[in-house]
Amino acid sequence: MNQRDPDNSNNLMIAVALSMIVLFAWQYFYAGPKMQAEQERIAREAETAKKEQAGNTGAPVTGVPAAPGASPVAPPSAGQQTVPSAPVAIPPKQVTRAEALTAGSAQRVAIKTPSLIGSVPLTGGRLDDLVLAKYRDTADPKSPNVELLSPASAPHPYFAEFGWVADSPSVKVPAADTVWTQDGTNALTPETPVKLTWANGAGLTFKRTIAVDADYMFTVTDSVENASAGDVKLYPYARVHRYGTPLIQGFYILHEGLIGVAGEQGLQEITYADALKPDKQKSFQDLTGGWLGITDKYWATALIPDQTVPYRANLGGKPKGAGASAETYQTDFLANGVSLANGQSHAISTRLYAGAKKVELVEGYQDKLGIKQFDLMIDWGWFYFITKPLFYLLDWLYKILGNFGLAILATTVLVKAAFFPLANKSYESMAKMKKLQPQMEQLRERYKDDKARQQQELMALYQKEKINPLAGCLPILLQIPVFFALYKVLFVTIDMRHAPFYGWIKDLSAPDPTSLFNLFGLLPYSVPMFFAIGAWPVIMGITMWVQMQLNPKQPDPTQQMIFNWMPVLFTFLLASFPAGLVIYWAWNNVLSIAQQSMIMKRQGTEIPLKQNLIATFAPIAKLFGGGAGKAKK
């Protein structure tokens, strides 16, 4: 008779029950609603974009007057220059983005590049209208393109602004309502920069040249010439301003909000929530090098000062109120002042990265332009030493195979090969333990009343046969770091966004869209998010269950019950994870089944798969067999 400690079994049952409650509660109250909210948001934005599509083509159109309050606040006092930071005043009557782009009388200069569509308003000269030409809201190729920047009078203002702060309030400098004059009529393209000019009427002439490459990097060169009778002192500045809190993913493994590298002080990250708290906001003096901006999951808008010019920077926000109906967020920098006598001029260049956080691009800009730690814009996490190499491996395989799903399968094979010697030892140890099952049962029976002696004898047996009783856990422990690294790669890198596999998987970074509870779409109804158990999670659960059947039955019925239920728990848990991750786990299970079977055969150990399958399904067969027998009688 098999003896076991009833207290331990009860504790184990309670632990399993609590784990299931936590798992189902997390799925029901958090993962499901969050996924549903994201889908509803995308649907709303897609519907809005369809209505606006006719008026948002990126062609030169008339602009919107600068919003009140968007220009500098009270003139700075001597020695205390400040960057404009007043909140954008939203008109009482809300307008659509398309209406904001076509309102007013000021013209806009079109932006046309392979990666960006948008326009620059001659009023203000900001960058406030950018649409990403290569990315769409959903995996549907007909869905609207992603909108990044929007003007001040649009529903969600988000813009980058460049300018000057004067040492004296009597000196007029360009502001949000300044109407610039374009030199020529060309659109802004990688081959043709846009040149703007404005004179303040008191001897100062300001010029702005905006250039852009074929991807997402702008270069804004501001210059000023002093033809006045006196000396002036000016401070160049730039800011990224966002009105309203965007919908965020809300996962601890990903930073969304204000971000930057403050010179030698390194990476700075402030969430949207913390940016509204005065004690969490950050200011820096006498910095050289680095960058600062605002980041979303896949997109970012980042200012890059001249890496050789000293500056001071701020990262923070303001809660709604005081004329603003929503929160505002801003990152800005103010460079050292320049004094200009009559006849002197000065120019400064600032770069702006506004677009997708593509790894190859970001790292290329870091190396080519010498931007300090620009690669930290992508949140690789604490385990970057695993995550980044894994991404490079996936990207290399993708370039060979042409599909990220196939790259994931190939990566799984390479990871299994790398850990093959360790996994072999693990499976060999498990095979030896199966051979020792009769001796182990004898020891348990002989010392059933002396648990300490029983453990001593078992450990002596393990030592004699050179067996590690924990070796069975090694395969799982080995794949956990890879599992989380792959999860991070799928979650944060835009390269995986909307990457298709085969069949119904159109986006490897999103959960499997099918559900077991409507027969994977065969039945004409949708199911709640909690029951969205897709086909690939089911495949993963089945392969995990088959792998466990290769092991002998546990002597403790409670432990065996846990092993039987574990694949079910993992099926529910992984249902809300990216499909690419589930495919990885399922394929890893298949490889593990083949590897373990091969080793067991080589060790001369019987593979108990058939016996375990019979034992598992015997009660069901007996039930149906018994029913048939009664009917026959």
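Residues numbered from 1 in each chain as written. Predicted model: local features only at pLDDT ≥ 70, side-chain atom pairs only at ≥ 80, totals over all residues. Heavy atoms only, no water.

1. Describing the overall build of the protein
Tallying secondary structure elements over the protein gives 14 helices and 19 strands in all. Within the protein, buried positions represent 48% of all 633 residues. Restricting the contact set of the protein to residue pairs at least 6 apart, pairs at least 24 apart contribute 68%. A total accessible area of about 30300 Å² is found for the protein, and carbon and sulfur atoms account for 61% of it. (Helix = DSSP H or I, 4+ residues; strand = E, 2+ residues; numbered from the N terminus. Buried < 20%, exposed > 50% of the residue type's maximum accessible area, 1.4 Å probe, protein only. Contact = heavy atoms within 4.5 Å. Areas by Shrake-Rupley, 256 points an atom, 1.4 Å probe, with all protein chains shown as cover.)

2. Some details on the sheet that holds strand β14 (residues 290–295)
Here we have nine strands laid out as an open sheet, ordered β6-β7-β8-β9-β19-β15-β14-β11-β12, and antiparallel in their pairing. In the strand order of this sheet, the two ends are held by β6 (181–182) and β12 (267–271), each with one partner. When strand β9 (residues 217–226) meets strand β19 (residues 345–356), the two strands line up antiparallel, connected through nine bridges. Within β19, the position partnered with Ser223 by the bridge is Ala347. Packed on one face of the sheet, helix α4 (residues 359–369) meets β9 and β19 and runs near 160 degrees to β19. (Pairing = 2+ DSSP bridges. Axes fitted to C-alpha atoms, helices over the stretch in contact; angles between N-to-C directions.)

3. What to know about the sheet that holds strand β3 (residues 130–136)
The four strands are arranged β1-β2-β3-β4 in an open sheet whose pairing can be described as antiparallel. Both outer strands of the open sheet, β1 (108–112) and β4 (145–149), are each paired with one neighbouring strand and no more. For this sheet, the mean angle separating the axes of adjacent strands, direction not counted, is 20 degrees. With four bridges joining them, β3 and β4 adopt antiparallel strand pairing. The partner of Val131 across the bridge, within β4, is Glu147.

4. Observations regarding the nonpolar core
The tendency in soluble globular proteins is for nonpolar side chains to be buried side by side. Among the nonpolar cores identified, the biggest contains 115 residues, and Phe218, Tyr353 and Phe374 are the most heavily contacted of them. Take this core: its biggest share by element is nine residues, from helix α10 (residues 474–492). Phe218 has contacts with Ile111, Leu116, Leu127, Leu130, Leu188, Ile210, Ala211, Val212, Thr350, Arg351, Leu352 and Ala354, leaving out every residue within four places of it along the chain. Met433, Leu436, Met440 and Leu443 belong to the second largest nonpolar core, which has eight residues in total. (Core = buried A, V, L, I, M, F, W, Y, C linked by side-chain atoms within 4.5 Å.)

5. A word on the side chain of Thr178
Relative to the elements of secondary structure, Thr178 occurs in the loop between β5 (158–166) and β6. There is a polar contact of 2.7 Å between the side chain of Thr178 and the backbone nitrogen of Ala175. Excluding residues within four positions of it along the chain, Thr178 makes contact with Leu122, Thr123, Gly124, Val173 and Trp198. (Polar contact = N/O pair within 3.5 Å; in protein donor to acceptor, adjacent residues only side chain to side chain.)

6. Considering the packing of helix α11 (residues 535–549) against helix α13 (residues 579–602)
Two elements in contact, α11 and α13, have axes separated by 9 Å at closest approach and are oriented at 25 degrees. The angle between α11 and α13 places the two elements in the roughly parallel class. Judged by the sense of rotation from one axis to the other, the crossing of α11 with α13 is left-handed. Taken together, the residues of α13 that come into contact with α11 (itself represented by Trp536, Pro537, Ile539, Met540, Thr543, Met544, Val546 and Gln547) are Val582, Ile583, Trp585, Ala586, Asn589, Val590, Ser592, Ile593 and Gln596. (Parallel < 35°, antiparallel > 145°, perpendicular 65-115°, else oblique. Left-handed = near helix turned anticlockwise from the far one by under 90°.)

7. A closer look at the environment of Asn186
Note that Asn186 resides in the loop between β6 and β7 (194–199). Through-space distance from the C-alpha of Asn186 to that of Val109 is 7.7 Å; in sequence the pair is 77 residues apart. Contact partners of Asn186, with chain neighbours within four places excluded, come to Val109, Thr192, Pro193 and Val194. From its side chain, Asn186 meets the backbone oxygen of Pro193 in a polar contact 3.1 Å long.

8. Side note on the packing of aromatic side chains
Evaluation of the coordinates by the stated rule reveals 20 aromatic pairs. Ring geometry for Phe383 and Phe385: centres 5.9 Å apart, planes at 70 degrees, overall edge-to-face. The exposure class of Phe383 is exposed, given its relative accessible area of 52%. According to the relative accessible area criterion, Phe385 is exposed, its value standing at 51%. Connected via pairs of aromatic rings, a cluster forms that spans Tyr216, Trp291, Tyr353, Tyr365 and Phe374. Over the face of the ring belonging to Phe159 we find Arg126, whose NZ or CZ atom lies 3.9 Å from the ring centre. Taking the ring centre of Phe491 as reference, the NZ or CZ of Lys297 above it sits at 4.0 Å. (Phe/Tyr/Trp six-rings, centres within 6.5 Å; stacked < 30°, edge-to-face > 60°. Lys NZ or Arg CZ within 6 Å of the ring centre and 35° of its normal.)

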